[in-house]
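A closer look at the structure
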Amino acid sequence: MKMTSFQASLAAALLLTATWLAGPVSAQTQTQPPPARPVAAPAPVPAQPAPAVATQPGAMTAPAPATAAPAAAVPVAATPSKPATDAAVAPVVEAGSTAPKAGIAPAMKELSPWVMFMSADIIVKAVMIGLAFASLVTWTVFIAKSIELSLASARLRSALKKIAEVRSLSEAQMALGTKEGILPSFLTAALREARMSAGLSSDSGIKERAASSFAEIVRAEQRRIRIGMGFLATIGSTSPFVGLFGTVWGIMNSFIGISKSQTTNLAVVAPGIAEALLATAIGLVAAIPAVIIYNHFSRVTKGYLELVSRASGAAARLLSRDLDRSHGSAHSRAAE
């Protein structure tokens with residue numbers, strides 16, 4: 001019985017010891033699974049057999065497993081390499097997209113007249129500025145002369161209508177009033193000549209002297225109405241040659257630049273020639289409107305001067321009537 005009790009106590013002690021030892025072991029087993037998962041994760045280590053197999057055959061059979069090992073390694077590296085290739089392709093596309101833009105911008109600048117003007121030689125710039133100023137003068141003269149001729153023609157036509165039914169110089173002056181114009185000037189000259197020739201009996205002499213005064217007034221009016229026409233004629237005739245001078249000078253500088261650069265590439269030659277031709281273009285822009293406007297004003301001025309001649313004739317007729325009337329009254333008084 002003692003042995004059995006001893007055995008029982010020994011068994012109990014062993015049981016307690018086993019339970020006491022089982023606690024740390026169970027704790028370790030509970031904490032070990034997390035490390036066990038990473039250990040299981042390196043399962044891709046099966047790639048290690050490839051080196052083992054490569055060492056077994058020697059030198060000749062090594063290439064076969066070696067090719068298999070990189071084949072297994074390629075999928076692993078393929079996933080990270082995709083973003084890398086995408087990132088590498090993106091900059092290439094951006095670089096390709098910006099390259100045309102960078103190439104187009106200079107071409108557009110070269111075709112701009114302002115850029116060509118700024119990059120031209122100082123003499124070519126002076127020619128262009130002078131031609132631009134000449135064009136400005138042309139359009140200024142056009143506007144000013146158009147207003148002047150239209151107002152003068154309208155004023156003279158209305159004055160001729162007012163004196164169409166009058167019978168004497170004094171009545172014509174009363175109809176026109178104190179307004180200034182070419183027709184009142186004719187009437188004033190006729191009255192002055194009639195007053196200064198009051199004691200003379202020759203009517204033909206009075207008419208000749210009045211006609212001479214009328215001719216002076218007409219010539220003065222022609223000079224006045226043609227003011228500005230000389231600018232148009234000068235600009236129209238000289239602007240193409242001035243622009244041609246700028247073109248010749250610019251092309252000469254372009255050839256000098258070609259000789260210095262020692263190249264005949266069109267990209268090097270074209271800008272200088274374009275800058276030079278811009279001077280001729282501006283010269284034509286200044287000359288063509290000047291010639292057209294000059295011809296237009298020549299026709300309009302001729303029509304206005306015809307109205308001036310009509311006014312001169314009207315004043316001469318009124319003077320002749322006054323002279324005949326004065327002689328008729330003198331004869332009637334003499335008869336009485």
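Rules of the game
- Residues numbered from 1 in each chain as written.
- Predicted model: local features only at pLDDT ≥ 70, side-chain atom pairs only at ≥ 80, totals over all residues.
- Heavy atoms only, no water.
- Helix = DSSP H or I, 4+ residues; strand = E, 2+ residues; numbered from the N terminus.
- Buried < 20%, exposed > 50% of the residue type's maximum accessible area, 1.4 Å probe, protein only.
- Contact = heavy atoms within 4.5 Å.
- Areas by Shrake-Rupley, 256 points an atom, 1.4 Å probe, with all protein chains shown as cover.
- Phe/Tyr/Trp six-rings, centres within 6.5 Å; stacked < 30°, edge-to-face > 60°.
- UniProt positions renumbered as here; feature names shortened; annotations may be inferred.
- Core = buried A, V, L, I, M, F, W, Y, C linked by side-chain atoms within 4.5 Å.
- 1 Å grid on protein atoms, 1.4 Å probe; cavity = no way out; pocket = protein on both sides within 12 Å on 5 of 7 lines; lining within 4 Å.
- Points joined across faces, edges and corners; volume = space filled by probe spheres on them.
- Nonpolar A, V, L, I, M, F, W, Y, C, P; charged D, E, K, R; others polar.
- Expected span 1.5 Å × (residues − 1).

**Things to note about the overall build of the protein**
Secondary structure assignment for the protein yields eleven helices and zero strands. Listed by position from the N terminus, the elements making up the protein come as α-α-α-α-α-α-α-α-α-α-α. For the protein, the proportion of its 336 residues judged to be buried stands at 26%. Sequence separation of 24 or more characterises 80% of the internal contacts of the protein that already satisfy a separation of 6 or more. Summing over all exposed atoms, the protein offers an accessible surface of approximately 21,700 Å²; the carbon and sulfur share of this is 70%.

**Considering the packing of aromatic side chains**
For the structure on display, the rule yields four aromatic pairs. Both rings, one in Phe186 and one in Phe214, keep their centres 5.3 Å apart while their planes meet at 80°; by these two values the pair is edge-to-face. With Phe186 in helix 8 (residues 182–196) and Phe214 in helix 9 (residues 203–225), this residue pair connects regions lying 28 residues apart in the sequence. The same class applies to Phe186 as to Phe214, namely buried. Here the aromatic cluster, defined as three or more aromatic residues joined through ring pairs, consists of Trp139, Phe142 and Phe297.

**Description of the UniProt feature "transmembrane region" (unreviewed entry) in the protein**
Taken from the UniProt record, the annotation "transmembrane region" (unreviewed entry) applies to residues 122–144, 229–252 and 272–294. Helix makes up 100% of residues 122–144 and strand 0%, with an end-to-end C-alpha separation of 33 Å. As a span, residues 272–294 carries 100% helix and 0% strand, and end to end its C-alpha atoms are 34 Å apart.

**Description of the nonpolar core**
Counting residues in hydrophobic clusters, the biggest one holds 37 residues, and the most contacted among them are Leu156, Leu160, Ile163, Leu183, Phe186 and Tyr304. Mapped onto this core, the elements with two or more residues apiece are helix 6 (122–162), helix 7 (169–176), helix 8, helix 9, helix 10 (229–261) and helix 11 (266–335). Among the elements that take part in this core, helix 11 stands out by supplying twelve residues, more than any other. Counting seven residues, the second-largest nonpolar core is a separate cluster that includes Phe117, Ala120, Leu278 and Ala279.

**With respect to the layout of surface pockets**
When its volume is computed, the largest pocket comes out at roughly 350 Å³. What lines the largest pocket is a set of 21 residues, among which Arg155, Glu180, Gly181, Ile182 and Leu183 lie closest to the centre. Taken together, the elements giving at least two residues each to the lining of the largest pocket come down to helix 6, helix 8 and helix 9. Looking at the lining of the largest pocket element by element, the count peaks at eight residues for helix 6. The residue makeup of the lining of the largest pocket, split by class, is eleven nonpolar, three polar and seven charged. In this structure, the second largest pocket encloses a volume near 180 Å³. In terms of lining residues, the second largest pocket is bounded by Leu160, Ile163, Ala164, Val166, Arg310, Ala314, Arg317, Leu318 and Arg321. Considering every element that reaches the lining of the second largest pocket, the biggest residue donor is helix 11, with five residues. In the lining of the second largest pocket, the residues fall into six nonpolar, no polar and three charged.

**Re helix 9**
For helix 9, with 23 residues, the first-to-last C-alpha span of 33 Å sits near the 33 Å given by 1.5 Å per residue. Every buried residue of helix 9 is listed here: Asp203, Gly205, Ile206, Ala210, Ser213, Phe214, Ile217, Val218, Glu221 and Ile225.

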